[in-house]
Amino acid sequence: MSQTLRNIRQTAATSGANQPQNFPAMLEQYKGEIARALPKHINADRMARIALTAFRMTPKLAECDPRSVFAAVIQSSQLGLEIGLMGEAHLVPFGSQCQLIPGYTGLMKLARNSGLVVDIYAEAVRINDKFSLKLGMERDLQHEPLSAPSGFPASDEERGDVAGFYAVGVLKDGSRTFVAIGRAEVEKIRDGSKGYQAAKKYKKESPWDTDFAAMGLKTAIRRICKYLPKSPELATALALDENAGRQNLTVDDAINGTFSPAVDVDTGEVVQVSNNASAGNSHVPAPAESVEAASAAEAHAIVGKVVLALQKAETIGALDEVYLHAEGILSDTELE
């Protein structure tokens, strides 16, 4: 990995005017090095084709720093997730930066691939289904979807509006665990999303509007993953998801695998993300003063980029678009 990174840096340093100015060119120029960086079971040519398809299906990615797109693609491949139509991971533009957002199918795949989880799945419960939940010493969850006269499940329209979601994990020893989330709680999570708030403010559609059920399923999967045994890949994917809009993922991080979360040994919760390759052991939390200073510096840099983008905007629509992205990644104080 380190040799691959050195080769990419050396190529970039000696390219001069031939330095790739966009993601497709960068992908082509470093294709050989990428193949050497990826795990043996990942086909580099297939990865490149899928990445280019995803890139072209989201025109705004062309406005992102190509290095951020490149880093996201490498990181996705390192995790073993396919970008795009399969729904395992997505390239999402946040201003000038591309972010890697794992899909709920990707989280499920990583949970299974760990060898610690035999099965994991999520379902939506609708108001005309039969559903019962029992907690305490003898936990139990039963769900019987409404059936059509033929005995097959009825259509979503016949089953009615979504009432909630649940996710189930089956561990290697045969034991099971589950989480159940009512619609009101899912909507509260949705309403707390800065991306959703910004979309509503500017009267734009968000994934919560176009595919509420899929977003609810992902919410349930994310929650149960916090209670399951974690592989390094699953922990990293969860950290990427929780840090959407502020990942600051670099090519160094993606190739070296230095974007890694610090996990609380007692709760299994991701408590900090370290993506500083020079920090030594990325699993050792930095002193509070250092963390605060780094966070302040990062915030200042992001605000500076937003201001620059606002200055370059030539229309009211362009200004609105910049501010829409900014609301998803900045605090209220930073926005002011």
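If you're wondering where the values come from, they're calculated on a predicted model, not measured in any experiment. (Residues numbered from 1 in each chain as written. Predicted model: local features only at pLDDT ≥ 70, side-chain atom pairs only at ≥ 80, totals over all residues. Heavy atoms only, no water.)

Thoughts on the overall build of the chain
For the chain, the count of helices and strands is 16 helices and 9 strands. Within the chain, the fraction of its 336 residues that count as buried is 40%. For the chain, the proportion of contacts with a sequence separation of at least 24, taken over those separated by at least 6, is 59%. Carbon and sulfur atoms make up 53% of the accessible area of the chain, which totals about 18200 Å². (Helix = DSSP H or I, 4+ residues; strand = E, 2+ residues; numbered from the N terminus. Buried < 20%, exposed > 50% of the residue type's maximum accessible area, 1.4 Å probe, protein only. Contact = heavy atoms within 4.5 Å. Areas by Shrake-Rupley, 256 points an atom, 1.4 Å probe, with all protein chains shown as cover.)

Quick look at the pattern of salt bridges
Per the stated rule, a full pass over the model turns up 13 salt bridges. Put simply, Arg67 and Asp65 hold a salt bridge, and the shortest N to O gap is 2.8 Å. Given a relative accessible area of 52%, Arg67 falls into the exposed group. When the shortest N-O distance is used, the salt bridge between Lys200 and Asp209 registers 3.1 Å. (Salt bridge = Lys/Arg side-chain N within 4 Å of Asp/Glu carboxyl O.)

Focus on the pairing of strand E7 (residues 176–182)
Bridge count for strand E6 (residues 162–171) against E7 is 7 bridges, and the pairing is antiparallel. When the bridges of E7 are listed, Ala167 appears paired with Val179. Between the end of E6 and the start of E7, which pair antiparallel, lie 4 residues, with Gly174 showing a positive phi angle near 95°. (Pairing = 2+ DSSP bridges.)

Brief notes about the packing of aromatic side chains
Under the definition given, this model contains 5 aromatic pairs. Their ring planes at 50° and their centres at 6.0 Å tell us that Phe165 and Phe212 sit as a pair that is tilted. On the criterion of sequence distance, the pair formed by Phe165 in strand E6 and Phe212 in helix H11 (residues 212–225) is long-range, its members being 47 residues apart. The pair Phe165 / Phe212 is uniform in exposure class, with both members buried. Feature note: the residues Phe165, Trp208 and Phe212 constitute an aromatic cluster, connected by ring pairs. (Phe/Tyr/Trp six-rings, centres within 6.5 Å; stacked < 30°, edge-to-face > 60°.)

Looking at unusual backbone geometry
For Lys203, which is not glycine, the phi torsion reads 55° and is therefore positive. Looking at where Lys203 falls in the secondary structure, it is placed in the loop between helix H9 (194–201) and helix H10 (207–210).

Some points on the nonpolar core
Counting residues in hydrophobic clusters, the biggest one holds 63 residues, and the most contacted among them are Phe23, Ile34, Phe70, Leu91, Ile120, Phe165 and Ile221. Looking at this core element by element, the count peaks at 8 residues for helix H4 (residues 44–57). Those residues in contact with Ile120, other than ones at most four positions away along the chain, are Met108, Ala111, Arg112, Val168, Gly169, Ile221, Ile224, Cys225 and Leu228. Judged by nonpolar contacts, the second largest core, of 5 residues, contains Val125, Leu141, Tyr166 and Phe178. (Core = buried A, V, L, I, M, F, W, Y, C linked by side-chain atoms within 4.5 Å.)

Considerations on a nonpolar patch on the surface
There is a patch of nonpolar side chains on the surface, built from Phe131, Leu133 and Leu135 and spanning about 280 Å² of accessible area. Its location among the elements puts Leu135 in the loop between strand E4 (130–134) and strand E5 (140–144). For Leu135, a relative accessible area of 54% puts it in the exposed group. (Patch = residues over 30% accessible without salt bridge, like charges linked within 9 Å, V, L, I, M, F, W, Y side chains within 5 Å.)

Looking at the environment of Ile34
When you line up the elements, Ile34 lands in helix H3 (residues 31–37). Since its relative accessible area comes to 3%, Ile34 is described here as buried. Taking the C-alpha atoms as reference, Ile34 lies 7.0 Å from Ala44; in sequence the two are 10 residues apart. For Ile34, the residues in contact, after removing those within four places along its chain, are Leu27, Met47, Phe70 and Ile74.

With respect to the packing of helix H8 (residues 183–191) against H11
Their axes nearest at 11 Å, the elements H8 and H11 cross at an angle of 95°. Classified by the angle their axes make, H8 and H11 are roughly perpendicular. The segment H8 lies against H11, with Arg183, Glu185, Val186, Glu187, Ile189 and Arg190 engaging Phe212, Gly216, Thr219 and Arg223. In terms of residue class, the contact of H8 with H11 is made up of 3 nonpolar, 2 polar and 5 charged. (Axes fitted to C-alpha atoms, helices over the stretch in contact; angles between N-to-C directions. Parallel < 35°, antiparallel > 145°, perpendicular 65-115°, else oblique. Nonpolar A, V, L, I, M, F, W, Y, C, P; charged D, E, K, R; others polar.)

Considerations on the confidence of the model for the chain
With 74% of its residues at a pLDDT of at least 70, the chain reaches an overall mean of 79. Low pLDDT, under 50, characterises residues 272–294; the stretch is placed with 28 contacts to residues that sit more than four places away or in other chains. (pLDDT = per-residue confidence, 0-100.)

A word on helix H5 (residues 66–79)
Since there are 3.6 residues in each turn of an α-helix, residues three or four apart along the chain are aligned in direction. For H5, which comprises 14 residues, the first-to-last C-alpha distance of 20 Å matches the rise-based estimate of 20 Å (1.5 Å per residue) to within 8%. In terms of burial, H5 is largely enclosed, as 13 of its 14 residues are buried. Backbone geometry just after H5 places Gly80 at a positive phi near 85°. (Expected span 1.5 Å × (residues − 1).)

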